[in-house]
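Take a look at the letters that make up each chain.
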Amino acid sequence: MIKREHWGSRIGLILAVAGNAIGLGNFLRFPVQAADNGGGAFMIPYMISLLVLGIPLLLVEWSLGRYGSVINHSTAPAIFNNLWKNPISKYIGILGIIIPLIVVVYYTYIESWTLLYSIFSLFGLTPSVSVDTANGEYLKPFKDFLISIIGANSEGLLLSPSIYAYIFFLITLLINLYILYRGITAGIEKVAKFALPAIFIMAIILMVRVFTLTSPDGRNFLDGLGFLWNPDFSALTDPKVWLAAAGQVFFTLSVGFGAIMVYASYIKPKDDIALNAISGASVNEFAEIILGGSIAITASVIFFGISTTAEIAHQGAFNLGFMALPAIFANIPFGQFFSFLWFLLLFFAGVTSSIALSQPAIAFLEDEFGFPRKKSVLILGLFLFISAHIPIFIKGALDELDFWVGTFGLILFALFEVLVFFWFFDSKKAWQEMTRDNDIKIPSFFYYLIKYIVPLILIVILISWGIDYLPKKISENTLNIWIARGFIVFTIIISILLVKYLWNKRGKQ
Ligand code: PHE
Ligand code: NA
């Protein structure tokens, strides 16, 4: 077995964990979810989900990861199998590798658009048209641009992306692989130490710029903030808003992927997890609701008003970040520069997250196969390169993967984490494991919260989510959709065979 890596310093660890959490979710996904779900109406379920589900599950995942550092394994198959001797446990643990692995396939592709947009903005290659808000077509040039880059205008089941999209994807993939190849301290931690401060500086510059915008018809930043921060209790009875809020909390905290577990496994066996988890979550929430909540939504509300902003968000997950903001920047002095900054911010946030999404697969190859890091990164690189052709070239595949893996998968895996730890292992011992050696005390009501309330809510979410979305989803039966599903099934089968082979070889269970 290779010698285990550890984080170099506490501050390095916190920055790496913040880099893991702070991503496209904060600056692209959060504004879209909030705007599409009523702004102030979204924030109440969001805050409640954060406190009742997000923080407890984060503590669970950190605790499982620290336990991994004790037993010298980073990933869920071995960690689950050590806690719960049932032979099925190692197969359930597979989710903690393939969820981040499949998400990173499309996450890296979106990340590569942000690099493309940032470079293109710098050189003035993005559309520059003055926005005539009286005319309903003002976003059209920006929409056409995005469509031509990702090739969404083709007929049939295939996309026809521009060669630039493909080239920037390759560059982005290579950057990711290089960081991973350098390892935990010299790669991930070092990049985080540089990228995190840069992300905050860029976000604050953009926020200040947005706060000094005004529209000809007199709207200013207070209208944007009002949209997000005036509580609206009317939507509290709408399960869709609750599902969206809980989904966003999972996504933004990186909880339910298995990625936090792997980062946590690189602490020392007797290090703190509670303060680490809370600091990471606090930094992420600052970046989400203060910075992420102030840039895209506020700018769009100032320029287009509340109802159009909600409409833009409703029409597509990328429309606010990739269409509305470039359109706004095209209409202010030095807009090219601000557009460059916006997309570079997204790129930095994206990179520190995609490496976190990739690390579980690498850790699995290193820990369980005993492969050196170089070989593990090479295998991952080949897998990502080949698989990425699915979201790059097949229509609807990105959304399909995001639906099954990036939405449903997370909640399912989070449920298994709690069940394995607090039910199938032993809740008293799990609580002991979670509360030992921490720098701050975890309040004792968390025990009941984690053991009873959290799994109950997760089951309710899975059921209501199934009722709301499954019938429509399952009725989609076109070839492109089946290719995406086939890819998921294929990845699951390969992983099951690998885990079976590994455990047979060890002669265990
Ligand atoms: N939390 C990241 C975001 O907000 C996404 C992510 C999930 C990153 C899981 C790493 C692991 O974009
Ligand atoms: Na986040």
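Residues numbered from 1 in each chain as written. Chains lettered and ligands numbered in written order. Predicted model: local features only at pLDDT ≥ 70, side-chain atom pairs only at ≥ 80, totals over all residues. Heavy atoms only, no water.

**Student:** What is the right way to look at the pattern of salt bridges in this model?
**Tutor:** Pairing of side chains with opposite charge becomes possible as their charged atoms draw close. Counted under the stated rule, the structure contains twelve salt bridges. A salt bridge links R4 to D367; its shortest N-O distance comes to 4.0 Å. Residue R4 is located in the segment before α1 (10–21), and its partner D367 is located in helix α16 (residues 335–369); the two are separated by 363 residues in the primary sequence. By relative accessible area, which is 12% here, R4 ends up buried. The class for D367 is buried, based on a relative accessible area of 12%. Salt-bridge contacts for E5 lead to R373; the nearest nitrogen and oxygen are separated by 3.0 Å. Of this pair, E5 sits in the segment before α1 while R373 sits in helix α17 (residues 373–393); the two residues are 368 residues apart in sequence, bridging distant segments of the chain. Among the residues examined, R373 registers a relative accessible area of 25% and is labelled partly exposed. (Salt bridge = Lys/Arg side-chain N within 4 Å of Asp/Glu carboxyl O. Helix = DSSP H or I, 4+ residues; strand = E, 2+ residues; numbered from the N terminus. Buried < 20%, exposed > 50% of the residue type's maximum accessible area, 1.4 Å probe, protein only.)

**Student:** So what exactly am I meant to see when it comes to empty space enclosed by the protein here?
**Tutor:** Remark: the empty space left among the atoms is shown by a probe the size of a water molecule rolled over them. Inspection of every chain in the model, using the stated rule, returns two cavities of 30 Å³ or more. What the largest cavity holds in volume is close to 110 Å³. In this structure, the largest cavity is lined by 14 residues; those nearest its centre are N20, Y107, F251, S254 and S353. Taken together, the elements giving at least two residues each to the lining of the largest cavity come down to α1, α2 (24–36), α6 (95–122), α11 (239–253) and α16. Of the residues belonging to the lining of the largest cavity, the class tally is seven nonpolar, seven polar and no charged. (1 Å grid on protein atoms, 1.4 Å probe; cavity = no way out; pocket = protein on both sides within 12 Å on 5 of 7 lines; lining within 4 Å. Points joined across faces, edges and corners; volume = space filled by probe spheres on them. Nonpolar A, V, L, I, M, F, W, Y, C, P; charged D, E, K, R; others polar.)

**Student:** Would you explain unusual backbone geometry in this entry?
**Tutor:** Note on backbone geometry: most residues besides glycine have negative phi, and most peptide bonds are trans. Here F334, not a glycine, exhibits a phi torsion of approximately 55 degrees, which is positive. One non-glycine residue, D437, lies in positive phi territory at about 55 degrees. Following the sequence through the fold, D437 ends up in the loop between α19 (427–435) and α20 (445–474). D437 gets classed as partly exposed once you look at its relative accessible area, which sits at 36%.

**Student:** Would you mind showing me how to read the site of ligand 1 here?
**Tutor:** Around ligand 1 there are 15 residues in total, and A21, G25, Y107, F251 and S254 lie nearest to it. Between ligand 1 and F251, the relevant distance is 2.8 Å, taken from a nitrogen atom to a main-chain nitrogen or oxygen of the residue. A distance of 3.0 Å is found between a nitrogen atom of ligand 1 and a side-chain nitrogen or oxygen belonging to S254. Coverage of ligand 1 by the protein chains reaches 100% of its 330 Å² of free accessible surface. The cavity where ligand 1 resides is the largest cavity. (Near = heavy atom within 4 Å. Polar contact = N/O pair within 3.5 Å; in protein donor to acceptor, adjacent residues only side chain to side chain. Areas by Shrake-Rupley, 256 points an atom, 1.4 Å probe, with all protein chains shown as cover. Sits in = over half its atoms within 2 Å of the grid points.)

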